[in-house]
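Chain by chain, the residues run as shown.
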Amino acid sequence: MTYETSDSLRPIAEVVLLTHLDRVFHYSVPEALRDRLEPGMRVLVPFRSEWRTGIVTRRLRQADVAQVKPILDLLDPAPLLDRPMMALARWLAEYYVTGWGIAMKAILPPGLEVKAGRHYRMTEAGRKAMAESSRRGDAGRQILTALDGAPRGLRLDALMRRIKAGTPSPRGDFQRCSVPLSGLVRKGLIEETRVLPRRREGQSGLRCSLTPERTPVSQASAPPGPPKPLSDPEGAIASVPSGLEAAVRSGRFAAVYLDVDPGRSRSAVTAVILETIRRGRSVIVLVSEIGRVSGWAETLRGRVGGRVGILHSGLSDRARRVEWEKARRGEVSIVVGTRLAVFAPVPNPGLIVVEDEQDPAYKQEESPRYHARDVAVLRAAHHGALALLTGASPSVETYANIQNGKYQAVHFKPPRPDRPAVRIVNLADQPRGAFVSDELLAAVTARLDKEEPVVLLLNRRGFGTALYCRDCGAVARCPRCQVAMVYSKRSGRLSCPYCGAAADPPTVCSGCRGTHLEMLGAG
């Protein structure tokens, strides 16, 4: 691979590789790509001894680097990621502490990393060795025999097919031939080169011709008959609570929690979706389980026709790419799916619905470990859209945001008198040494007088939960984790519940040098 100096007046492109490396790399833009290369496109670039797929983030007139390698190939006719989606990927990388490329990989559909092909050709030394000796190993001779009939060489896949065709037993797999191939290359008997992947004329990285057997799931069960008109009074926006109606009609960003019974949530949310579509904006509906996707899709197809796509991990990689591309091109107005659908590239999103937002299924377990509910709110803020969270009871995070005024709560069900009240009692206000507050003691006594059962939950580790100084109020903490160390009566030592660090209990306070130390804990 040849290098080019950065002062060669060639434009420079910043490229993020779809790997864990959290940095950009600079590559020169060849003459043939100058008028076509845009941010958000995939490119094939050399990286160390390999060829990698990357995303162009921006173009520069010059860069503060001594040498740059040229871009090998442009893989897309149009950008896959627009600037808001690239900004979202940057936020994911920073907030969830992962690489920018890994965040982009989470946003893009699977199977978009292009790998360079391998091409093998027999050298003159290989022909001589084949003619002079017939005792070469079976696998090595099969490779040389296959290449002997191809003067211009063969790609790896064609070479494997030729070996299998001439072998009675299935011994032509790559794992079996990789060692002989490497040995023949080292000895100079065959020549290995890397080649660009084959692509048809005008083919983009996402366009796939669908066979009848692999029709996308979003088209597999289209409802019979014409869809209902959007002005149907059954889904009128006036039927939803006034607070939610005002948020929909404002056309500005708002995060609303709809406190609704499960049986009534779909009718209210459907009315909001239809109003958003009527205003010419797109909608994303997130559900916690794959099994709920089809129900929502059928309901919405009955109202807006076939302009409903689906995205979830149950689809094949190919079907996900097709659905993702349809959303990017604006062929669907609504996308229904699980947590990965929060990245659906719909144009001009006006509403993002998160059904049962308290469900832990919205948390991604692999890097980037995003929470789809939080990403939905962020995307809505970027696009001036409405983030509608629904559920029978809010999550702790949503409840806190409602209390802080960040989210608006709208109630769409009668109040529940049986919902218990939650009170927090500060034991610091109780007499010294009291582990049970007066309020708790009175409540327990009242229930016992009525002969009702009482359950007390005690979050407890070890014999003593903390070593407490009565003079200054300090507790013995782990020097690394800064959490209170727990005393174990069996070992007679303090230990950190996080990292396991252990130490002998001190006899004096490290802060005030006082000697009035005591163990806290009850139960």
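Each value, and the rule that gives it
Residues numbered from 1 in each chain as written. Predicted model: local features only at pLDDT ≥ 70, side-chain atom pairs only at ≥ 80, totals over all residues. Heavy atoms only, no water. Pairing = 2+ DSSP bridges. Helix = DSSP H or I, 4+ residues; strand = E, 2+ residues; numbered from the N terminus. Axes fitted to C-alpha atoms, helices over the stretch in contact; angles between N-to-C directions. Contact = heavy atoms within 4.5 Å. Buried < 20%, exposed > 50% of the residue type's maximum accessible area, 1.4 Å probe, protein only. Disulfide = S-S within 2.5 Å. Core = buried A, V, L, I, M, F, W, Y, C linked by side-chain atoms within 4.5 Å.

(A) Expanded view of the sheet that holds strand E13 (residues 308-311). The 7 strands are arranged E13-E14-E12-E15-E16-E11-E17 in an open sheet whose pairing can be described as parallel. Both outer strands of the open sheet, E13 and strand E17 (408-411), are each paired with one neighbouring strand and no more. Pairwise comparison of adjacent strand axes, ignoring direction, gives a mean angle of 20 degrees for this sheet. Here helix H11 (residues 317-328) sits on the sheet and contacts E13 and strand E14 (334-337); the angle it forms with E13, its principal contact strand, is near 135 degrees.

(B) Examining the environment of leucine 88 more closely. Looking at the element boundaries, leucine 88 is found in helix H1 (residues 83-95). By relative accessible area, which is 1% here, leucine 88 ends up buried. In this structure, the C-alpha to C-alpha distance between leucine 88 and methionine 104, residues 16 residues apart in sequence, is 8.8 Å. Beyond its immediate sequence surroundings of up to four residues, leucine 88 is in contact with Ile107, Phe343, Val375, Leu378 and Arg379.

(C) How the structure looks around the state of the cysteines. The full count for this structure, using the stated rule, is 0 disulfides. Cysteine 499 provides the cysteine sulfur closest to cysteine 478, a residue in no disulfide bond, and the two sulfurs are 3.7 Å apart. Assessed through its relative accessible area of 0%, cysteine 478 is described here as buried.

(D) The nonpolar core, seen in detail. Counting residues in each nonpolar core, the largest one holds 48 residues, and the members touching the most others are Leu81, Met104, Leu286, Phe343 and Tyr370. If you list the elements that add at least two residues to this core, you get H1, helix H2 (100-107), strand E11 (254-259), strand E12 (282-286), H11, strand E15 (349-354), helix H12 (372-383) and strand E16 (386-391). Within the second largest apolar cluster, 32 residues are counted, among which are Ala247, Val293, Leu300 and Leu315.

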